[in-house]
Amino acid sequence: YDAPVYAKTYVHRVGRTARAGASGRAFTLLRHEEAKFFKRMLAKVGNSALTKHKVESSKTEAWTEQYRAALASVKRSVAAENGRGLEKGS
């Protein structure tokens, strides 16, 4: 997912764990340039409890191929749905 732009979207995503009756933590991966906007969004809903965890790119390189494969799979699925007339709003 992209970083949420609206607090309502973020609360909805994070709330899935709570609605399932479990406790947990939410991690949002952000690029450096996204952090300022994310903090501002959270401040609007009264949440300033953030902990920054820097992840070195060398730690994420192992996921690159999996990520690319997942994106390709999503593209194929969307193309197949569009081909069956399942376009958004149908």
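Up top you'll find the structure we're talking about.
Keep in mind that this is a model prediction, so the values were computed, not measured.

The rules we used
Residues numbered from 1 in each chain as written. Predicted model: local features only at pLDDT ≥ 70, side-chain atom pairs only at ≥ 80, totals over all residues. Heavy atoms only, no water. Helix = DSSP H or I, 4+ residues; strand = E, 2+ residues; numbered from the N terminus. Buried < 20%, exposed > 50% of the residue type's maximum accessible area, 1.4 Å probe, protein only. Polar contact = N/O pair within 3.5 Å; in protein donor to acceptor, adjacent residues only side chain to side chain. Core = buried A, V, L, I, M, F, W, Y, C linked by side-chain atoms within 4.5 Å. Contact = heavy atoms within 4.5 Å. Salt bridge = Lys/Arg side-chain N within 4 Å of Asp/Glu carboxyl O.

Undergrad: Quick question: what am I supposed to make of the environment of Arg31 here?
TA: Relative to the helices and strands, Arg31 is located in the loop between helix H1 (7–19) and helix H2 (32–44). A residue is classified by how much of its surface remains accessible, and Arg31, at 52% relative accessible area, is exposed. Note: C-alpha distance between Arg31 and Ala62 (31 residues apart in sequence) is 18 Å. A polar atom in the side chain of Arg31 sits 2.7 Å from the side chain of Glu33.

Undergrad: What's the story with the nonpolar core in this structure? I'm lost.
TA: Counting five residues, the largest nonpolar core is built from Ala7, Tyr10, Phe38, Met41 and Leu42. Going through the elements one at a time, H1 and H2 are the ones with two or more residues in this core. By residue number, the principal contributor to this core is H2, which donates three residues. Apart from the residues lying within four places of it in its own chain, the contact partners of Leu42 are Tyr10, Asn47 and Leu50.

Undergrad: What is the right way to look at the pattern of salt bridges in this model?
TA: Side chains carrying opposite charge are able to pair once their charged atoms draw close together. All chains considered together, the criterion is met by two salt bridges. A salt bridge links Glu33 to Arg31, with the nearest nitrogen and oxygen atoms 2.7 Å apart. The closest approach of N and O atoms between Arg31 and Glu34, which form a salt bridge, is 3.8 Å.

All quantities given are derived from atomic positions and should not be read as evidence of function.
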